[in-house]
Amino acid sequence: MSANSIAREKSMAFAIRIVWLCQHLCSERKEFVLSKQILRSGTSIGANITEAVYGSSRKDFAAKLRIALKECAETLYWLELLHACDYLPDNLYESLLGDCEELRRILVASIKSCG
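Within each chain, residues carry numbers counting from 1 in the order of the written sequence. Where totals are concerned, whole chains, interfaces and linings use all residues; where local detail is concerned, this predicted model gives features only for residues with pLDDT of at least 70, and gives and counts side-chain atom pairs only at 80 or more. Remark: hydrogens and water are excluded; side-chain values derive from all non-hydrogen atoms of the structure.

Peer 1: Looking at this structure, I do not really get the packing of helix H2 (residues 33-53) against helix H3 (residues 58-84). What am I missing?
Peer 2: Each pair of packed helices can be summarised by the angle the axes make with each other and by the distance between the axes. All axes are obtained by fitting lines to C-alpha atoms, using only the stretch in contact for helices, and the reported angles, taken between N-to-C directions, cover 0 to 180 degrees. Secondary structure elements are defined from DSSP: runs of H or I of at least 4 residues count as helices, runs of E of at least 2 residues count as strands, and each element is numbered from the N terminus. H3 packs onto H2 with a crossing angle of 160 degrees between their chain directions and a minimal axis gap of 8 Å. With respect to H3, the element H2 is oriented roughly antiparallel. As for how H2 packs across H3, the hand of that crossing is left-handed. Residues are grouped as follows: Ala, Val, Leu, Ile, Met, Phe, Trp, Tyr, Cys and Pro are nonpolar; Asp, Glu, Lys and Arg are charged; every other residue, Gly included, is polar. Residue composition of the contact of H2 with H3, grouped by class: 15 nonpolar, six polar and five charged. Note on terminology: angles under 35 degrees are roughly parallel, angles over 145 are roughly antiparallel, angles of 65 to 115 are roughly perpendicular, and the others are oblique. For any pair of crossing helices, the crossing counts as left-handed if the nearer helix is rotated counterclockwise from the farther one by less than a right angle, and right-handed if it is rotated clockwise.

Peer 1: I'm lost on H2 in this one. Help?
Peer 2: Since there are 3.6 residues in each turn of an α-helix, residues three or four apart along the chain are aligned in direction. The span you would expect from a helix comes to 1.5 Å times its residue count less one. Taking 1.5 Å per residue as the helical rise, H2 with its 21 residues ought to reach 30 Å, and the 31 Å between its terminal C-alpha atoms agrees with that figure. The angle between axes fitted to the seven residues ending at a residue and the seven residues starting there is what we call the bend at that residue. In the structure, H2 departs most strongly from a straight axis at Ser44, where the bend amounts to approximately 30 degrees. Note on classification: 1.4 Å probe, protein chains only; a residue is buried when its accessible area is under 20% of the maximum for its type, exposed when over 50%, partly exposed between these limits. All of the buried residues along H2 are Leu34, Ser35, Ile38, Ser41, Gly42, Ser44, Ile45, Gly46, Asn48, Ile49 and Ala52.

Peer 1: Honestly, the packing of H3 against helix H4 (residues 90-113) in this entry has me stumped. Any pointers?
Peer 2: Direction vectors running N to C along H3 and H4 enclose 160 degrees, while the axes themselves pass 9 Å from each other. Considering their axes alone, H3 and H4 lie roughly antiparallel with respect to each other. The chirality of how H3 crosses H4 is left-handed. When the residues that make up the contact of H3 with H4 are grouped by side-chain class, the tally is 14 nonpolar, four polar and six charged.

Peer 1: Just checking my understanding: could you explain the pattern of salt bridges for this structure?
Peer 2: Where charged atoms from two side chains of opposite charge come close, those side chains can pair. The term salt bridge refers to a pairing of a side-chain nitrogen on Lys or Arg with a carboxyl oxygen on Asp or Glu at a separation within 4 Å. Counting across every chain of the model gives six salt bridges. We note a salt bridge from Glu71 to Arg40, for which the minimum N-O separation is 3.1 Å. Linking Glu71 in helix H3 with Arg40 in helix H2, this pair joins segments that are 31 residues apart in sequence. The exposure class of Arg40 is partly exposed, given its relative accessible area of 39%. We note a salt bridge from Lys64 to Glu51, for which the minimum N-O separation is 3.4 Å. Here Lys64 is found in helix H3, whereas its partner Glu51 is found in helix H2, with 13 residues between them in sequence. Look at the salt bridges and you will find they share partners, linking Arg40, Glu71 and Glu74 into a network.

Bear in mind that shape data such as this cannot, by itself, settle questions of function.
Now the structure itself:
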């Protein structure tokens, strides 16, 4: 399995978790502002990875991966903030943080391999 397909697979699984998280935050915690922010950034990671795969050039591919990396960094911020504001219990925060950090490492490695 290539790094691109691993990144796409992991980003899709992460996006699904983020959608579920947003649904939970809205329905159970009545939190609508931060949840929309993390929904946007957390699902955008995979969308940009998918765009990169269909990039028109190696430069375009790397540029889309850099955007995915920025979205990943933003998602890490929202996770940290949600946890600090007691919207995320420790175990859920640690799990989502681990998944997001793994995506970040994959993206960094993929960008470096582009040259």
